[in-house]
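Structural features, examined
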Amino acid sequence: MVVGRTGLLEGHANRVFRALADPTRRDVLRRAMQGTLSVSGLARLYPMSTTAVQKHVAILEDAGLVHLTRHGREQLVKTDIDTIAKAQSLLAGFELLWRGRLDLIGDVLASPSGGDRS
Amino acid sequence: MTVIAVDRDSAALSLTIVSVFDAPAERVWQVWADPRQLERWWGPPNYPATVVDHDLTNGGRVTYYMTGSDGEKLHGWWRIISVDPPRSLEFEEGCGPPNEDLPATMAEVRLVETPEKTTMTIITRFATIADMERLLGMGKGEGTRLAVGQIDAIIAITTAS
């Protein structure tokens, strides 16, 4: 049934949205691109406890935006580049859409009969 | 019209486009405030828009449809969150009849006038990557065909100019 499948998809989408809604988590995504920072290393960058940073990372992991890998005694955090790349290409699509609209606005403003339908 | 800045923020799922027009802010505002002018640029050339309701007040609605070459009508709507002519407009935007199951996006427009020019900043915020895919035509549904038509038309415009 379509509804059930959409429900699953939306469930994941909602987790992604919740994960991205916080500025600290968005900053973690930017800093964890290289995958060389551990949870405790990240914690030193923010004025909050390691536990608080751990919670943020757990929310990002739950949304599939970062992956954790064990490296000795540390857990390294790495942003999922595929997810971010997907977002980039989708944003590029919307950029194209808006550039087309802006060109047309330019035409409307340039036409002498600005208020009439062409 | 010149696009002077674009920011694709993949973490925040937002797109910001800053453009400059050789016209005063009052004039640029009219392309949003006058439904007949809005019709001339909102839909791509192969999907011209017809605005049905146009209530640009706080809480007001704009409804429209776009007509494809085969006569197919694709409906869309805005819900106005705030409006301050000729400086700013914020609205929620969706396709089909207002429906929680279909993706809605947030749009923010700001106009700043400098001598003889107006800078227009448009910020579009998406809730989820899944929504963006659906709106750009990688999913299923009404918005899909619409978005595919828009993108095709714009690619045609960009490559032709």
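Provided above is the structure to which this section pertains.
Attention now goes to the packing of helix α2 (residues 23-31) of chain A against helix α4 (residues 50-62) of chain A. All names here are of chain A. Remark: α2 packs on α4, axes separated minimally by 10 Å, with the N-to-C direction vectors making an angle of 70°. Between α2 and α4, the angle falls in the class roughly perpendicular. Residue-level contacts link T24, R25, V28 and L29 of α2 to H56, V57, I59 and L60 of α4. Class assignment for the residues of the contact of α2 with α4 results in five nonpolar, two polar and one charged.

Once that is clear, we can look at the interface of chain A and chain B. Contacts between the two partners involve 35 residues from chain A and, on the opposite side, 40 residues from chain B. Elements with a contribution of two residues or more to the side of chain A that touches chain B: α1 (2-20), α2 and α5 (81-110) of chain A. Per element, the largest residue contribution to the side of chain A that touches chain B is 23 residues, and it comes from α5(A). Broken down by class, the residue content of the side of chain A that touches chain B amounts to 20 nonpolar, seven polar and eight charged.

Overall, antiparallel pairing links the eight strands, which are arranged β1-β2-β8-β7-β6-β5-β4-β3 (chain B) in an open sheet. What marks the edges here is a single partner per strand, and that holds for β1 (2-9) and β3 (49-54) of chain B. Pairwise comparison of adjacent strand axes, ignoring direction, gives a mean angle of 20° for this sheet. One ladder, built from seven bridges, connects β1(B) with strand β2 (residues 14-21) of chain B; its direction is antiparallel. Note that in β2(B) the partner of B:V3 across the bridge is B:S19. Sheet strands touched by α5(A): β1, β2 and β8 (117-125) of chain B. Its angle to β2(B), the strand with the most contacts, is close to 20°.

Conventions we followed
- Residues numbered from 1 in each chain as written.
- Chains lettered and ligands numbered in written order.
- Predicted model: local features only at pLDDT ≥ 70, side-chain atom pairs only at ≥ 80, totals over all residues.
- Axes fitted to C-alpha atoms, helices over the stretch in contact; angles between N-to-C directions.
- Helix = DSSP H or I, 4+ residues; strand = E, 2+ residues; numbered from the N terminus.
- Parallel < 35°, antiparallel > 145°, perpendicular 65-115°, else oblique.
- Contact = placed C-beta atoms within 7 Å.
- Nonpolar A, V, L, I, M, F, W, Y, C, P; charged D, E, K, R; others polar.
- Pairing = 2+ DSSP bridges.

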